[in-house]
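In case you want the letters, here they are:
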Amino acid sequence: YLLGLELGLEKAADMGAKILLAEARRIFHPSGVLREGSSHYHLLLTRNYASAWLMAMSHGRPEEEPLREIAGKALAVIPHLVLPGGLPLVGDISPDCPPEFLSALIAGEAGWVSLLDEVAKRALLGLRDSRLDVFTEDLQKAGWLKAGFGPWSGLWRAEPEGWIHMPGHGHQDCGGFDLHYQKSPVFIDPGRGAYGETGGAAFHRSGQAHNTVLVDGKDPYPPNKPYYDAIFRRLVGGSPPQLRRDLNSVSLRHHGYARLGGVGALSRNWRFTDSSLTIADKLAGDSARLVTRLLHTPMDAEKDGGAVILRGGNAVFRLRAPDGGISLRPATQWLAYGEGRPITAIEITGECGLPWSSSLILEVL
């Protein structure tokens, strides 16, 4: 599309416009968020459609208005993905550019926006700063929930159907979340810094690399396939996940593990006070299972008896697991494609008879 306009190739420009408008209906949810399930890819596709809109505007093209609407809705979503400590890099990180290059889609005028001429820059920043018309309820339907509770703020993920979206890089992050205390990230999504179906690339897409609950080491949902129909997915995966916010808590309920037999719904509730977070977990069923709860933190972490002490920013926390079984292992958080830093994975694992319930308690010291 861009080359067609720049080189005066009318047929190429026309076909490019048709592709862009048709694909937008497929890859974006009606709320405006990219279905891919990646915060960085959402910024990237927002940039792509904003580029097309700006070019259409400068050439007086008839598709300028629909491209503006697509870019505007995508821009309006971005504040709902950002926490006080920055943009959580949920899901895949694109090799096209580092996340910093697209930072002006959040605020400021750096990176890609600094390369635009003044007319285009003013138009884009005007659109960015004027679009505030995305509702939290619409984004919840798309699988994203941002919520704040006093000094705490978090971003939660649960695919609308539970099964990972296709086509896409699909992370097994049902119930995954990022949590900040004031401006300090406490728990983060590690992201993924490389493509592939084996080794570390596959690991960072699995439930093992997300802040979620695993049963018998399995992912929350089976691998998705393009030839599965809606009836089959519902028979295997149960009713869609329910992710909602209450006055002082967030709750999730899904049936992804029912496929194992003897396992019912998994329920998780994050309840906040100004100085604590309690994560209450319940798993229905009538069998014996291995239950693993995972948390990934960029803070300094050390064992303290049956608890873990976290230090970072201006805060110190104690994480307790009353049932025990808490351990630490090294992990990686991806900051850009192929660029990572060491973090710590906290793992709480135990053999459980179902029905089962337990809790994790995080206190500000």
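Here goes a summary of the coordinates provided.

**Some details on the overall build of the protein chain**
Counting its secondary structure elements, the protein chain contains eight helices and 16 strands. Along the three orthogonal principal directions, the C-alpha set of the protein chain runs to about 70 × 50 × 40 Å. Among the 365 residues that make up the protein chain, the fraction classed as buried is 53%. Put simply, 65% of the contacts in the protein chain that link residues at least 6 apart link residues at least 24 apart. One way to put it: in the protein chain the 38 positive side-chain charges average out to a point 4 Å from where the 40 negative ones average out.

**A look at a nonpolar patch on the surface**
Among the surface-exposed residues, Leu3, Leu7 and Leu9 lie close enough to one another that they form a single nonpolar patch of about 330 Å² accessible area. Tracing the backbone shows Leu9 in the loop between α1 (2–7) and α2 (10–27). The class of Leu9 is partly exposed, set by a relative accessible area of 44%.

**Remarks on the pairing of strand β6 (residues 242–245)**
Looking down a regular strand, the side chains alternate between one sheet face and the other. As paired strands, β6 and strand β7 (residues 249–254) are joined by four bridges and run antiparallel to one another. What sits directly across from Arg245, in β7, is Val250. The turn joining β6 and β7, which pair antiparallel and follow one another in sequence, is formed by three residues.

**A few points about the side chain of Arg293**
With respect to the helices and strands, the residue Arg293 is situated in strand β10 (residues 288–297). According to the relative accessible area criterion, Arg293 is buried, its value standing at 3%. There is a polar contact of 3.5 Å between the side chain of Arg293 and the side chain of Ser358. When near neighbours in sequence (up to four residues on either side) are disregarded, Arg293 contacts Thr212, Val213, Arg268, Asp281, Asp323, Ile346, Glu347, Ile348, Trp356, Ser358, Ser359 and Leu360.

**Quick notes on the sheet that holds strand β15 (residues 339–353)**
Read across the sheet, four strands follow the order β5-β10-β15-β14 without closing on themselves; strand pairing throughout is antiparallel. Strand pairing shows two members of the sheet lacking a second neighbour, β5 (213–215) and β14 (326–336), which therefore form its edges. In this sheet, neighbouring strand axes are inclined to one another by 30° on average, regardless of whether the strands run parallel or antiparallel. Across 10 bridges, the pairing between β10 and β15 is antiparallel. Bridging across to β15, His296 finds its partner in Ala345.

**Quick look at the environment of Asp96**
Among the structural elements, Asp96 can be located in the loop between α4 (64–77) and α5 (118–130). Measuring from C-alpha to C-alpha, the distance between Asp96 and Tyr337 comes to 8.5 Å, with 241 residues separating the pair along the chain.

Conventions we followed
Residues numbered from 1 in each chain as written. Predicted model: local features only at pLDDT ≥ 70, side-chain atom pairs only at ≥ 80, totals over all residues. Heavy atoms only, no water. Helix = DSSP H or I, 4+ residues; strand = E, 2+ residues; numbered from the N terminus. Buried < 20%, exposed > 50% of the residue type's maximum accessible area, 1.4 Å probe, protein only. Contact = heavy atoms within 4.5 Å. Lys, Arg positive; Asp, Glu negative; His and termini not counted. Charge placed at Lys NZ, Arg CZ, Asp CG, Glu CD. Patch = residues over 30% accessible without salt bridge, like charges linked within 9 Å, V, L, I, M, F, W, Y side chains within 5 Å. Areas by Shrake-Rupley, 256 points an atom, 1.4 Å probe, with all protein chains shown as cover. Salt bridge = Lys/Arg side-chain N within 4 Å of Asp/Glu carboxyl O. Pairing = 2+ DSSP bridges. Polar contact = N/O pair within 3.5 Å; in protein donor to acceptor, adjacent residues only side chain to side chain. Axes fitted to C-alpha atoms, helices over the stretch in contact; angles between N-to-C directions.

All quantities given are derived from atomic positions and should not be read as evidence of function.
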